[in-house]
Structures are given as structure tokens and as C-alpha cells.
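These are the residues of each chain, in order.
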2 protein chains.
Amino acid sequence: MDYKKTSSSITNSNGKFAEEAQNRLDSLTKPQGSLGRLEEFAKQLVAITEENMPSLDKKVVFTFAGDHGVAEEGVSAFPKEVTPQMVMNFVNGGAGINVLARHAGAEVVAVDIGVDYDFGGLDKEGFVSRKVVSGTKNMRKGPAMTREEAEKCINVGIELANEYAGKGYKMFGTGEMGIANTTPSSAITAVLTGVSVEDITGRGTGINDDVLKNKVQVIKDSISINTPDASDPIDVLSKIGGAEIAAIAGLIIGAAANKVPVVIDGFISTAGALIAYMIEPKTKDYMFAAHRSQEIGHKALLEKIGLRPILDLDMRLGEGTGVALAMLVIEGGLKIYKEMATFAEAEVAGKKG
Amino acid sequence: MDYKKTSSSITNSNGKFAEEAQNRLDSLTKPQGSLGRLEEFAKQLVAITEENMPSLDKKVVFTFAGDHGVAEEGVSAFPKEVTPQMVMNFVNGGAGINVLARHAGAEVVAVDIGVDYDFGGLDKEGFVSRKVVSGTKNMRKGPAMTREEAEKCINVGIELANEYAGKGYKMFGTGEMGIANTTPSSAITAVLTGVSVEDITGRGTGINDDVLKNKVQVIKDSISINTPDASDPIDVLSKIGGAEIAAIAGLIIGAAANKVPVVIDGFISTAGALIAYMIEPKTKDYMFAAHRSQEIGHKALLEKIGLRPILDLDMRLGEGTGVALAMLVIEGGLKIYKEMATFAEAEVAGKKG
């Protein structure tokens, strides 16, 4: 598996299909354009899938879990054992993402890509073991991962995309879990958007002012010791990133290569999306931004890619929780497109003059 | 039926229940408050219903239809026969609201409160005949309705709320259909918020610059000829309002009196909500604002009541379409509250220190 081969196979979504979808949307019993973004979502799905009547029957949210060596610098409000504990919560169906994915009719697959815990031979539905690292290294002291490790994580994302596209899944979502993972996400954001560390570093799971001050310093130190090359996304990802962020980038690349729409969750997921976008900008055509996270760095990432979030509900949990709700809204748009009566069918008069 | 008796029976939602809901929300496996507005929605539902584990199994969107005499002033892009044609589209399940309500698991009830068309003895599921007027009168020439007609429309809304609460419906939504009905809604908005007519008059179903200019003048003339008393919501409603707007106000009053949450759609529905709020401010506790409409006057109405919309998807169709999508989001919040595991149940460690 070579991620470059996959990314170079990606094409833009199909404008001809988008045009045909627009014609149908304009024939439905409503003033033209009056369902706003719902209409855009339907059009984008048609253009991505190159199907006139696409379906979203099978949907899956991948929640990639990984630990972060930088957690030892005291950047999070929660202890790092919470990462594997939450993985078990996902597998048992009790976490936020489980509840909202059930609500949206989507499955959840928790992927151990880099948790610093041995799950043994855990063989449960909804759990996939693809461990590349047992936690990243502390990036304040050196690179979080090697270049090879980062590439391996990307490849896992691509392989999962290929596998689930092959199984007939019609929409993917990204999610993550990893104590301290807003720290590498902020570091990536600062390097790739050029915004100051202070302006894109937030409170994560809920740290106080002192811990926030420390977190900013840790991020600055990590960037200065590793000197990541902002023009090389793999260099950035390996030096100041994380395993789950890399896997999310890979999943997006794999989704685009398979012409499967992919819904991006909040701050950490969008850091992965920006990496994917830098590797291959055409991936953007396949992305839906689920929501605007309350984590302050998210805005800079969305703007850099040029994505407009669907929801804005002050959420900052991650896991893919925003994705699940956004899937319901996107599916609403698709149903409008597929199920509404046309003016002719319903015998409703059109616009005057 | 006297709407004043019903409105005076309304109490604030129950703060003690809200407190208990907050305690449960804080025990769930997520950083406190990290699901943002989803948590607020759950808390509001508990406080409204005074049930620790409320249910939203049965939901209904009322789409009130009415015609407007002022349509003869050329304020709309569509001819007025579209009102009854769209009512038939609702009954046949082909309109936007039907599609999105099915998606949300809600029923649609189309109510003829003031359509200028004789539906005969139309006896179809999802259609209710409660005609008070056969279209309002042209408000540019005098009052749209008498005070008695406006009160009758409010009472229809209350009666429907009582009936459906009695049948076990757990959530109501407001919607409307009526060619030209952004014109009375803008007039109401100008009088009750004090914002200039130009700043709250929009393009409705899609009028051009010339028609918009005419619409602004028609609204100004209607206000100056009728001199509605801004301190008397019934005076405003009857002189420059509409039958569906009055029925929506009544539905909201009835919902609050029955302790049933009510989701308010866009511009026209929120004009009805402001009337309800002026009759009894405690109704606000029972309201959810579905979305921010693209119709420019909506913002002033939301601010006047103090409501923050849930969605912002550039929609401007009405019918209750925003309500249906918002119901899905609100229900997501309720499921989070009811279904997530607690830290103790999932054996997940809490915050440090």
C-alpha cells in the first residue's frame, strides 16, 4: 500500500452529474433554491457518487483512538488511561458517538491505531485493531512519530476506506479519541495556517487558565525543537501530529479515491482533513464539514480548506459526534431531492410571468 | 374557548427538573458541557415536561394554510392558486415538509384556517378543515381581519394543541403555507420590533428588485392606513396579520398550557411566536427556534423574543421544513441525556485533581 498511488488516482467530483441534479432540484414544488444548503448537499452527493439517485443506506463513523506522549507535559484535564477506557465505552455502546450514530442510523467502528494499552485479542463487533504505535513519543522532546509510522497510519485509513467501500457503505464519517490530542492538532494548525499558537489553542476537555498557558508553551517548544516543514504534510504529521490524525487523513484520501462522501468531525478531524487536502486538494470535493467546534483553532482549519460547517451547536466532544448529527441533515437533503413531487406531478402552478 | 383563560394558565417551565437534568448530564462519559446545545435541549425538555425521562415518540407539525387579500397588490412571485394546490400536495405527501417530517418521524397535519378555496368535504388523513376566513382582506385598503376573526384563529390553534396533547403527542411544530404571507409577517415585524420596513422586508419566494420595492411600499401603506397599536398584539394581528399567523400564535399558547415543547419554524412562524410571546411571555420557555431563515426580517423577531436558532442552512421555504430537521437535532440531545453511560457505569476515570 502506497498512499501516493491512491491519492494520485483521485479525480474531481463530476460537474455533469451536479448539473443534472440541479435541474431536478429546480423542478420540485418549492421556490428555486429555497431549501438552501439541503439542495447543495444533494447535488454534492450526486456529483461525488456519479449516481442520479444515490443512497445513504449504509453509513459508518470511524473513531480512531491514539495516545500522545505529550500528555506527560500536563496538557489535558483528563488522565491518559481514559483513552483505552473510552475505547471500551465505544465497544459497549455507551459513549456519545454510539448514541448519536444509532440516532443517525450509522455504525461505529472504533479503531485502535495508536493506543498505549494492550487490548489483547479483543474480538468485539465495532472494534478493529490496527495499532501502528503504542502512543506517540513526547513531541516536546523530539518527533512524535517517524515518517514511516505516519505513512503506515495513513495507509490504515486508506485500507479501511477500501474495505468499507467494498462492503457497500455509502458514507463515511471521521471521529477520534485520544487524551491530549488537541495539543498536536493545535500544533499542526499553527504550522499549516500560520496563525499564532495562542490564537488556535483552546481548552480541550476543559483545562484552566494555568494549564492553557502551559499547553501553549508546550506547543511552541514542540514546533521549535522539531522544525516541521510546512510544505511537507507528512513531515508535519510525523513530527507534531498523532496516529489518529494520520489515519483520518488516510480515510479521507481513501474515501475520495472510492468516490464515497466523507463527513469530517471537529477540530482534530479537520487537522487530519487539512493534511489530506495538502496531499491531494481534490479530496475537498468529497468532504462535508459536520460542524463548527467550540475549540477555537477549528475556524482556521475550515477556512484554510474552504469548508463551511453544517451545524453550530457549541459542541467540543469529538469522537465523531458532530458527524452523526450532520449525516442526518445531509440525508434530509438527499431525501428532498429524491422524494419531493415536481410541479408537474403535483399540478402546482409555477412562478408568475 | 377564550384564549385569555388558556394563556393565563401558563406557568414557567420547572427549574427544579432542569437542575436534576443538569446533574445527570454532568455524570455522563464526556467532559462537562462538551455536547453544548444538545445538553441544553435535553434540559429544556425535562423542565417543560416535568418528567425525568421524557419521550418524543409522537411528534406532529401543523402546517396552517391561509390566503392573503394583499396578494392582489402583486407582492409575491407566485399566483395565489398555489395555496390550495400546495395544501393538496401536503395531503398527498409530496411537499418538502412531508419528506422532512417522514425523515424526522413526525406527522404532518395541514390545517385550512383561511384558504380562499372550497375544499368541499375533503376527508383525508393529514387534513383538518378549520376555516375562519376565505382569505384575509387586502390590508392596504383596511384591516386584514376583524378582531373576532383573529381571536377565532388563535382559538383554533389552542384547540388543536389541546386535542393533540390529549392524544399523546409529545412535541409540536409550527409551519405555514400562504402565498404573500411574508408581507403581513414583515408588517408585524416592523410594528412590533420598531425596525424599519426596508430592513425587515425580503424576497419571499423570490421576487425581483421592482417587486420588492412595491412590497415595501404596500407594507408601509398597510401600516399607515390601519395604525395598529403595537402594545396590543390582537390589534396588530387582525389589522396587518393573517389567519395562519394567528393560528400559530394559538398553537404555541396551547402547547405551553399543555406543557408540550413547540418548535417554531422560520419568519412567518416566528411572527406568530412573537404574538404569542406578547400575549404571555412565559410561552418562551416552551419554544425551540428551529432555524435562522434566509428571509431578512427573521433576525429581528428572534432577537425580540430572545431565541437562538438551532440550524442555519440558508432555508426559506416555510411549511415547517426547518422544524422537522430541528426536531431530529433536539431528539439527538434527548437521546444523549437518556442513553449515554455514566462515568461510574462505564468505569471511566474522571477529571484530574
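### Structural notes on unusual backbone geometry
The backbone of A:T227 shows a phi angle near 35 degrees, a positive value even though the residue is not glycine. The residue A:T227 is located in the loop between α9 (209–226) and α10 (233–240) in this model. Since its relative accessible area comes to 57%, A:T227 is described here as exposed. Here the phi dihedral of B:E319 falls at roughly 75 degrees; this positive angle occurs in a residue that is not glycine. Inspection of the secondary structure puts B:E319 in the loop between α13 (298–305) and α14 (321–339).

### Quick look at the relation of the copies chain A and chain B
When chain A is fitted onto chain B, the two copies agree to an RMSD of 0.0 Å after a turn of 180 degrees and an axial shift of 0.0 Å. The two molecules are tied by a two-fold rotation axis, judged by turn and shift. Of the C-alpha atoms belonging to chain A, the one lying closest to the rotation axis is found on A:L311, 3.3 Å away. Taken as a fraction of all interface residues of chain A, those also at the interface in chain B reach 100%, which identifies the copy contact as same-surface.

### Re the pattern of salt bridges
All names here are of chain A. Overall, the coordinates contain 37 salt bridges over all chains when judged by the stated rule. Salt-bridge contacts for K30 lead to E39; the nearest nitrogen and oxygen are separated by 3.1 Å. Of the two residues, K30 and E39, both sit in the buried class. With its nearest N and O atoms 2.8 Å apart, the salt bridge here joins E73 to R140. Of this pair, E73 sits in the loop between β1 (59–66) and α4 (82–92) while R140 sits in the loop between β3 (127–129) and α6 (147–166), placing them 67 residues apart in sequence. Given the relative accessible area of 18%, E73 is considered buried.

### Here's the deal with the environment of A:I154
Residues and elements named next belong to chain A. Mapped onto the elements, I154 comes out in helix α6. Residue I154 is classed as buried on the basis of its relative accessible area of 0%. Separated by 16 residues in sequence, I154 and N138 place their C-alpha atoms 20 Å apart. When near neighbours in sequence (up to four residues on either side) are disregarded, I154 contacts Y3, I234, L237, A246, G250, I253 and I279.

### Here we look at the interface of chain A and chain B
Facing the 58 residues of chain A at the interface are 58 residues of chain B. Area buried by chain A at its contact with chain B is led by A:H103, A:L313 and A:K352, which between them contribute 12% of it. Where chain A touches chain B, the interface holds 4 salt bridges. Taken together, the links from chain A to chain B amount to 30 residue pairs in polar contact (both at pLDDT 80 or more). Counting only elements with at least two residues in the side of chain A that touches chain B, the list comes to α3 (36–49), α4, α5 (96–104), α14 (321–339) and α15 (343–346) of chain A. Top contributing element to the side of chain A that touches chain B by residue count: α14(A), with 9 residues.

### Observations concerning the sheet that holds strand β6 (residues 287–289) of chain B
Residue and element names in this part refer to chain B. The strand order across the open sheet built from 6 strands is β3-β2-β1-β4-β5-β6, with neighbouring strands paired in parallel fashion. The open sheet is flanked by β3 (127–129) and β6, the only strands paired with a single partner. Taken over all neighbouring pairs, the strand axes of this sheet differ in orientation by 25 degrees on average, direction set aside. Looking at chain direction, strand β5 (residues 262–264) and β6 are connected through 3 bridges and run parallel. When the sheet's bridge partners are listed, V263 is paired in β6 with F288. Each of β4 (171–177), β5 and β6 touches helix α12 (residues 267–279); the most contacted strand, β4, lies at about 120 degrees to it.

### As for the environment of B:K213
Its location among the elements puts B:K213 in helix α9 (residues 209–226). Between the C-alpha atom of B:K213 and that of B:E125, which follows or precedes it by 88 residues, the distance is 41 Å.

### With respect to helix α2 (residues 15–26) of chain B
Residues and elements named next belong to chain B. For α2, which comprises 12 residues, the first-to-last C-alpha distance of 17 Å matches the rise-based estimate of 16 Å (1.5 Å per residue) to within 8%. Those residues of α2 that sit buried are A18, A21 and L25. Buried residues of α2, seen end-on, are gathered within an arc of 60 degrees and therefore sit on one face of the element. Facing away from the buried side of α2 by more than 90 degrees, the exposed set consists of K16, E19 and N23. Elements that come into contact with the buried residues of α2 comprise α3 (36–49) and α14. Between a side-chain oxygen at the N-terminus of α2 and the backbone nitrogen of K16 the separation is 3.0 Å; the capping residue is N14.

### So, the domain arrangement of chain A
Residue and element names in this part refer to chain A. Examined at the domain level, chain A breaks down into domain 1 (3–53 + 337–346) and domain 2 (59–328). A straight line from the C-alpha centre of domain 1 to that of domain 2 covers 29 Å. If you look at the interface, domain 1 gives 15 residues, while domain 2 gives 23 residues. Counting each side, the surface lost to burial between domain 1 and domain 2 is near 1,900 Å², with a carbon and sulfur contribution of 60%. The interface formed by domain 1 and domain 2 holds 0 salt bridges in total.

Procedures and definitions
Residues numbered from 1 in each chain as written. Chains lettered and ligands numbered in written order. Predicted model: local features only at pLDDT ≥ 70, side-chain atom pairs only at ≥ 80, totals over all residues. Heavy atoms only, no water. Helix = DSSP H or I, 4+ residues; strand = E, 2+ residues; numbered from the N terminus. Buried < 20%, exposed > 50% of the residue type's maximum accessible area, 1.4 Å probe, protein only. Least-squares fit on C-alpha atoms with pLDDT ≥ 70 in both. Contact = heavy atoms within 4.5 Å. Salt bridge = Lys/Arg side-chain N within 4 Å of Asp/Glu carboxyl O. Buried area = accessible area lost by both parts, 1.4 Å probe. Polar contact = N/O pair within 3.5 Å; in protein donor to acceptor, adjacent residues only side chain to side chain. Pairing = 2+ DSSP bridges. Axes fitted to C-alpha atoms, helices over the stretch in contact; angles between N-to-C directions. Expected span 1.5 Å × (residues − 1). Arc of directions from axis to C-beta. Domains from an automatic or database assignment.

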